[in-house]
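For reference, the chains in residue letters:
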Amino acid sequence: MNTAALVGLNCCVLVAMVASAAYFGRVRMPRPPVGRYELPDIAVMCVVVAAAPLLYLFLPRAAVATVFGLVLCTALQFTLAPLTGAGRAWLIAVAAIAADAVLALLGRPLAVMVVTDVLLVVAVAGVATMWAQSGMRSAQAAWFAGALACYDLVATGLTSVMDRFADQVMGLPFAPLLAVTRGAPPVALGLGDLLLLVLFPLTAVKAFGRAAGILAAAVGLAVSCAVDALFARGVLTDAFPLLTVLGPLIVVQHLVWTRVRGGERTTAEWRAGRPRPTPPAASAEPDPAILRALRPSGTADPAQGEWLAVADGRVVGAGASPGRARRDARLRGCDSVPVVRRA
């Protein structure tokens, strides 16, 4: 297989990652008006991804191109809308789709492939950003990756579903393939592979911070480069289920970062630029000697059965009953509600 084309494919993947990260860092998409992502939503997404290639195998090529064109036009519009406004975004999206269709009608396959690649990168940046910013958590992205890994093993590694799908859509305008050549086999990356390569680094940045996002992008690019190196050396000759390797690595990264960080940030915490708060350690009963040393000034040594009011780790009041201890704390100027314990 052409080594230069394989290097070019990985360069395209890197460009897609960088462009998506730049878009994710600059654009804040509005929060959806209802709900949040739950596991049933991820299950529905997996079913759609699995069923789409099977459906397209039974449709005429013109119908497949039409469906892909409508979907791509919509994705381009909501990707560009935060940058240009909704009206201009529709004009640009429709013009881009029309230009790609005209190039196909004029018999310019190379131009169609280049324009389609550019449009796919833009659309993937918008879709991944929308999913990450609208509430998809790292755990859900990991579930999505794990499910697609199993599906890719069956559809690409054990059956010919994805091979037949690639033959069906190769050369069409708006084809869901990031393609560099159209040979046999073509040097191309499926839309699902590209989307997951871009999506998990964005959810990792939101959930765990920039280091997690950079590591996720590096792991994804390393997997893509390793697979392409095997193609270049002739070890692999047929379509390879990339997600079968990438999916488990995404799951492992999520588990490791969750353990290191103690959990993931919410979307609200990420938008506010706050790190995930560290859970407080279990409090132990204070040493009576420390309580006596921290007793309020002017208060005698507490007798047996006397109560102390404690706030922010110090004694702020004392009394013969819980109520009197709180009253003493209030008289001494304590604005918060103290915890009352027996001395």
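The structure we're discussing is the one just above.
Description of the structure in this document.

Each value, and the rule that gives it
Residues numbered from 1 in each chain as written. Predicted model: local features only at pLDDT ≥ 70, side-chain atom pairs only at ≥ 80, totals over all residues. Heavy atoms only, no water. Core = buried A, V, L, I, M, F, W, Y, C linked by side-chain atoms within 4.5 Å. Buried < 20%, exposed > 50% of the residue type's maximum accessible area, 1.4 Å probe, protein only. Helix = DSSP H or I, 4+ residues; strand = E, 2+ residues; numbered from the N terminus. Contact = heavy atoms within 4.5 Å. Pairing = 2+ DSSP bridges. Expected span 1.5 Å × (residues − 1). 1 Å grid on protein atoms, 1.4 Å probe; cavity = no way out; pocket = protein on both sides within 12 Å on 5 of 7 lines; lining within 4 Å. Points joined across faces, edges and corners; volume = space filled by probe spheres on them. Nonpolar A, V, L, I, M, F, W, Y, C, P; charged D, E, K, R; others polar.

### Examining the nonpolar core
Residues Leu72, Trp131, Phe144, Val169 and Leu189 are the most contacted members of the largest nonpolar core, which totals 71 residues. At 11 residues, helix H8 (residues 191-208) tops the list of elements feeding residues into this core. The residues touching Leu72, leaving out its near neighbours within four places in the chain, are Ile97, Leu119, Leu120, Ala123 and Phe174. Judged by nonpolar contacts, the second largest core, of 8 residues, contains Trp307, Ala309, Cys334 and Val340.

### Describing the pairing of strand S3 (residues 307-311)
In regular strands, side chains alternate between the two faces of the sheet. Judged by how many residues are buried, S3 sits mostly within the fold: 5 of 5 residues are covered. Neither face of S3 is open: one carries Trp307, Ala309 and Ala311, the other Leu308 and Val310, and all of them are buried. Sheet analysis places S3 next to strand S4 (residues 314-319), joined by 5 bridges and oriented antiparallel. Bridged to Ala311 within S4 is Arg314. Hairpin connection between S3 and S4: a loop of 2 residues separates the two successive antiparallel strands, and Asp312 in this loop has a positive phi of roughly 55°.

### Section: helix H3 (residues 61-84)
An α-helical turn contains 3.6 residues, so any two residues separated by three or four positions project in the same direction. Given a rise of 1.5 Å per residue, 24 residues ought to cover 34 Å, and the 33 Å separating the end C-alpha atoms of H3 matches this to within 8%. Here H3 has its buried residues at Val64, Ala65, Phe68, Gly69, Leu72, Cys73, Ala75, Leu76, Gln77, Thr79 and Leu80. In the segment just after H3, Gly85 is the residue with positive phi, at about 95°.

### With respect to empty space enclosed by the protein
With the rule as written, the count across this model stands at 2 cavities of 30 Å³ or more. The wall of the largest cavity is formed by Pro109, Val112, Met113, Thr116, Asp117, Met170, Gly171, Leu172, Ala175, Leu177, Ala179 and Arg182. Mapped onto the lining of the largest cavity, the elements with two or more residues apiece are helix H5 (109-133) and strand S1 (177-179). Counting residues per element, the lining of the largest cavity draws most heavily on H5, which supplies 5 residues. Its residues assigned to classes, the lining of the largest cavity shows 8 nonpolar, 2 polar and 2 charged. Quantified by volume, the second largest cavity comes out at close to 40 Å³. Going through the elements one at a time, H8, helix H9 (210-232) and helix H10 (242-261) are the ones with two or more residues in the lining of the second largest cavity. The leading source of residues in the lining of the second largest cavity is H8, at 4 residues. Of the residues contributing to the lining of the second largest cavity, the split by class is 7 nonpolar, 1 polar and no charged.

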